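Examining the three-dimensional arrangement
Single-letter residue listing:
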Amino acid sequence: MIRLNNIAVKFGDFTALHDINVHVEEGEFFTFLGPSGCGKTTTLRTITGFIEPVEGSVVVKGEDITHVPIEERNIGIVFQSYALFPTMTVYDNIAFGLKLKKLSKKEIDARVRDIAEKVDLSDEQLKKAVSQLSGGQQQRVAIARALVTGPAIICMDEPLSNLDAKLRVQLRNELKNMQKEFGITTIYVTHDQEEALTLSDHIAVFNKGVIEQIGTPNEVYNHSATEFVCNFIGDINLLGDEAVKALNAGGGSLDPAQHNYIRLERIHVNVEPKPGSVVIEGRVTSREYYGLYIKYYIYAAGQTIKVIEKNDGVNIYEAGQTVKVVMDPKDVMAYPAQ
């Protein structure tokens, strides 16, 4: 569906993107993830036509659109700021692109009302000025405006970042459901790892203008290709020399010269060890209570190890309590020391 082939983008002497290669399948929800300034939005703007690469090509459905004007690319765009017209009604905001296409009033009305229903905007809200709506409602208007022209692709640049945490979770679920319903190929930009893991079919993790890894949420989380991805996606423990020695003494074969990491949920407290697991005695220094789970900080093997345990309401450990930390060396991800 979409192919980025050896894309390079420069701003003066600064190279913003280095040799970017991406393949997005039709109907896929594909996320560009990374910290601020890593190149994810620049890549999105290259696809939509706001930026022209100095090298490489943008191909959609087999057609090279690298030099095709923005308005001829048939790509819907949802900006971080929504970019709505605040003094116009919701109806006119959604209808704007259809009017540019010079469709009949009857067809415009039918399309606007159809898409408004699908994104849960009422007839009453269609009559209001955009400035009268909440952030979540404005976000729905921006999505409706992007979808109403029937684009082959929709690109979203941090569309939930201006919303509060609860509304973000609610709307990202709605976004995924809408994307499935429309079956539209979606490219989504975010710096939020949870958002990326929840929404995506595939994720491209960006760092300093290059892609470190492309994979499914499970692949980038549990099989991180690089040390950067391993640290950027979720929380993790870097194991020190004592912990590595203890795991190797228990049957592991970790290289102490490498950087060895283990995810918090792969470690367990006071459980019967499975074959191959290693038990290290430790002491709880503090805990964070999240309801569904509890995050423990445990001093063991000469370092503080973070552990996430499901909250069963019974086995809750206090600061100062001695516990057994159980790890399996097979759960360790190792990377060459830089």
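Residues numbered from 1 in each chain as written. Predicted model: local features only at pLDDT ≥ 70, side-chain atom pairs only at ≥ 80, totals over all residues. Heavy atoms only, no water.

Attention now goes to the sheet that holds strand 8 (residues 185-190). The strands that make up a sheet pair up through hydrogen bonds in the backbone, lying either parallel or antiparallel. In spatial order, the strands read 6-7-8-3-9-10; together these 6 strands make up an open sheet with mixed pairing. One side of each edge strand has no neighbouring strand; the edge strands of this open sheet are strand 6 (75-78) and strand 10 (210-215). Strand-to-strand twist in this sheet, taken as the mean axis angle between neighbours without regard to direction, amounts to 15 degrees. Contacting strand 6 and strand 7 (153-157), helix 5 (residues 135-147) runs over the sheet at an angle of about 170 degrees to strand 6. (Pairing = 2+ DSSP bridges. Helix = DSSP H or I, 4+ residues; strand = E, 2+ residues; numbered from the N terminus. Axes fitted to C-alpha atoms, helices over the stretch in contact; angles between N-to-C directions. Contact = heavy atoms within 4.5 Å.)

Evaluation of the coordinates by the stated rule reveals 1 cavity of 30 Å³ or more. Approximately 60 Å³ is the volume found for the largest cavity. Around the largest cavity, the lining residues are Ile143, Leu147, Ile154, Met156, Leu175, Met178, Gln179, Phe182, Ile184 and Thr186. (1 Å grid on protein atoms, 1.4 Å probe; cavity = no way out; pocket = protein on both sides within 12 Å on 5 of 7 lines; lining within 4 Å. Points joined across faces, edges and corners; volume = space filled by probe spheres on them.)

Quick look at the pattern of salt bridges now. Under the definition given, this model contains 11 salt bridges. A salt bridge links Lys306 to Asp235; the nearest nitrogen and oxygen atoms lie 2.8 Å apart. Taken as a pair, Lys306 in strand 16 (residues 303-310) and Asp235 in the loop between helix 9 (227-232) and strand 11 (236-239) lie far apart in primary sequence, 71 residues in all. For the salt bridge of Asp328 with Lys330, the shortest nitrogen-to-oxygen distance reads 3.2 Å. Among the charged side chains, a salt-bridge network with shared partners connects Asp109, Arg113 and Asp123. (Salt bridge = Lys/Arg side-chain N within 4 Å of Asp/Glu carboxyl O.)

Attention now goes to the side chain of Thr186. With respect to the secondary-structure elements, Thr186 resides in strand 8. With relative accessibility at 1%, the residue Thr186 sits in the buried group. Polar side-chain contacts of Thr186 include one of 3.2 Å to the backbone oxygen of Ile184. Among residues more than four places away in sequence, those in contact with Thr186 are Glu28, Phe29, Phe30, Ile154 and Gln179. (Buried < 20%, exposed > 50% of the residue type's maximum accessible area, 1.4 Å probe, protein only. Polar contact = N/O pair within 3.5 Å; in protein donor to acceptor, adjacent residues only side chain to side chain.)

Okay, unusual backbone geometry next. Backbone geometry at Asp19 places phi at a positive 50 degrees, although glycine is not the residue there. Relative to the helices and strands, Asp19 is located in strand 2 (residues 14-24). Despite not being glycine, Glu158 shows a phi value in the positive range, around 50 degrees. With respect to the helices and strands, the residue Glu158 is situated in the loop between strand 7 and helix 6 (165-182). Looking at Glu158, the relative accessible area reads 10%, which means it is buried.

In this section: the nonpolar core. Within the largest apolar cluster, 36 residues are counted, with the highest numbers of intra-cluster contacts made by Val90, Ile94, Val112 and Ile143. Elements represented by at least two residues in this core include exactly helix 2 (90-100), helix 3 (105-118), helix 5, strand 7 and helix 6. Ranked by residues supplied to this core, first place goes to helix 5 with 6 residues. Not counting residues within four places of it along the chain, the set of residues in contact with Val112 comprises Tyr91, Ile94, Ala95, Leu98, Leu126 and Val148. With 28 residues, the next largest nonpolar core counts Val24, Cys38, Ile47 and Val189 among its residues. (Core = buried A, V, L, I, M, F, W, Y, C linked by side-chain atoms within 4.5 Å.)

These values are about where atoms sit, not about what they do.
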